[in-house]
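A look at the structure
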Amino acid sequence: MVDANLSRRGLLLGTAGLLLGACKGADSSDENTLTIGFVSPRTGAAAGFGEPDGYVLELARKALAGGLTIGGTRYAVRIVDKDSQSNPQRSSQVANDLINGENVDLMLTTSTPETVNPVSDACEAAGVPCVSTVVPWEAWYFGRGATDAGFTYTYHFCFGVEQFHLAYTHLWPQVATNRKVAVMWPNDSDGNAIREALGPLLTTSGYTIVDPGAYTDGSNDYSAQIARFKAEKCEIFSTFPIPSDFATFWRQAAQQGFRPKIAQAAKTGLFPSQIEALGDIGVGIASAAYWTPAYPYSSSLTGVSSQDLGDGYQTSAGKQWSQQLGPSLALFDVAAAALSTTESPKDRRALAESIGRLDVQTPVGRLTWGSGPNENVVATPIIGGQWVPSKAGSAYPLDFVLCENAADPNVPVAGRLTAYGKIS
């Protein structure tokens, strides 16, 4: 049952959105107004992903303030954003609110299967075009039960297992190990997709996988897994957990003496706040980036370069750049391009078909649908790196240094991986 407070909050947010649209002269029922929905986790377990949303939404609203001229008609553009609260049930609820209450013409959603998959499912069922990102594409595509026919209204851009494999097999050899990999892959969409596809690829590349089995999100005792990793003498650790689970595991690992030479985190360890919260045991954790200010690409909608996007956020928010800035702004690049290239942008089927033919420049690189791995997905790079102490004079304690670029050689490398615990 949906919590009553959530229902009241959703009603208030929906009312506020309608009032805002009225104040701006943009009515969702107006044939000359295009309404874009945006759903992301601003609170809850995955809140780190939503941290820069306010800045990205400000850039997008400013860029679209003058509307879009399409086929000789001037359309006002209205953006209505919702917080999924990192909860699948809430994600479905707000998606349906946007579809049925706000009459969105196009939905955008980002960050983890718990938000993205329910929103995508709601849109596919309702026949509303949707573009999503920041879920490994296999977890989005197969996790939603895709058949050979794929999807009609929902499209996605993100890295996948192949990109993780490229990153890890170019990053890990920079430190000498016994190539035994302890894995903590949960029983969720991300964990199951990674177990099924990444594990065999790493085995083929000469790594031995030590897998104690899928665990339940929210577990609080990892003693059995840690004991096995120590007994097997694993020198590499790889995990795809929700942030709170990783924090619990990593603190227990430190207490129980599991200290691998490489500690590779994904889905968590992406943002400075997550690493800083771990204290000293966070320094040296390896991760991978789907965007940084070093990416040599710009936003086609705003004209903002990746470097200026990161710098602008730091100045505006007073916080360190977040890799979520790139793909979140890229969603609006895709939205503007798709709407502008559709003769009748209020025609949902025509708009969905336009997305499937789209070729657009974004901060994460050029996105070209139809180039694979399937008609609904564009696979984007992910680059391996490591959290290290910032250089003298930095306003921030840690920095993320890119250490390989196998998935996109245009992205510059700035260092080499150092064994965990050996960074001075």
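Rules of the game
Per chain, the residues get numbers from 1 upward, laid out in the order the sequence is written. Local features in this predicted model are restricted to residues of pLDDT 70 or higher, and side-chain atom pairs are both shown and tallied only at a pLDDT of 80 or more, whereas totals for entire chains, interfaces and linings draw on every residue. Processing note: side-chain calculations cover all non-hydrogen atoms of the structure and skip hydrogens and water entirely. Where helices and strands are cited, they refer to DSSP runs of H or I of at least four residues and of E of at least two residues respectively, numbered from the N terminus. A helix is expected to span 1.5 Å multiplied by its residue count minus one. When a residue's accessible area, from a 1.4 Å probe over protein chains only, is under 20% of the maximum for its type it is buried; when over 50% it is exposed; and in between it is partly exposed. Throughout, the arc means the angular range of directions from the helix axis out to the C-beta atoms. In these notes, a set of buried Ala, Val, Leu, Ile, Met, Phe, Trp, Tyr and Cys residues joined through side-chain atoms within 4.5 Å is what counts as a nonpolar core. Pairs of residues are marked as contacts when any of their non-hydrogen atoms sit within 4.5 Å. Salt bridges are defined by distance alone: a side-chain nitrogen of Lys or Arg within 4 Å of a carboxyl oxygen of Asp or Glu.

With that settled, consider helix α11 (residues 306-317). In this model α11 runs 16 Å from its N-terminal to its C-terminal C-alpha over twelve residues, within 8% of the 16 Å that 1.5 Å per residue would give. Among the residues of α11, those classed as buried are Ser306, Leu309, Gly310, Gly312 and Tyr313. The buried residues of α11 occupy an angular sector of 165 degrees when projected down its axis, which confines them to one face. Where α11 terminates, the next one or two residues include Gly318, which has phi positive at roughly 70 degrees.

Attention now moves to the nonpolar core. Counting 76 residues, the largest nonpolar core has Phe157, Phe249, Trp250 and Phe332 as its most contacted members. With eleven residues, helix α12 (residues 325-340) is the largest single contributor of residues to this core. Setting aside residues no more than four positions away along its own chain, Phe332 makes contact with Ile36, Phe38, Val56, Leu57, Ala60, Ile79, Leu108 and Leu301.

A few words on helix α8 (residues 223-231). Those residues of α8 lying buried are Gln225, Ile226 and Phe229. Viewed along the axis of α8, the buried residues span an arc of 100 degrees, placing them on a single side of the element. When the buried face of α8 is taken as reference, the exposed residues oriented beyond 90 degrees from it are Ala224 and Ala231. Buried residues along α8 sit in contact with β7 (180-184), β8 (208-210), β9 (236-239) and α9 (243-255). Phi turns positive, to about 55 degrees, at Lys233, one or two residues after α8.

This paragraph deals with the pattern of salt bridges. A side chain of one charge can pair with a side chain of the opposite charge when the charged atoms of the two come close. Within this structure, the stated rule accounts for 15 salt bridges. Of the charged contacts in the structure, one is a salt bridge between Asp105 and Lys346, with a shortest N-O distance of 3.2 Å. One end of the pair, Asp105, is in the loop between α3 (88-101) and β4 (106-110); the other, Lys346, is in the loop between α12 and α13 (348-355), with 241 residues separating them in the sequence. Using a relative accessible area of 21% as the deciding quantity, one classes Lys346 as partly exposed. A single network of salt bridges, built from pairs that share partners, joins Arg42, Asp53, Arg61 and Asp81.

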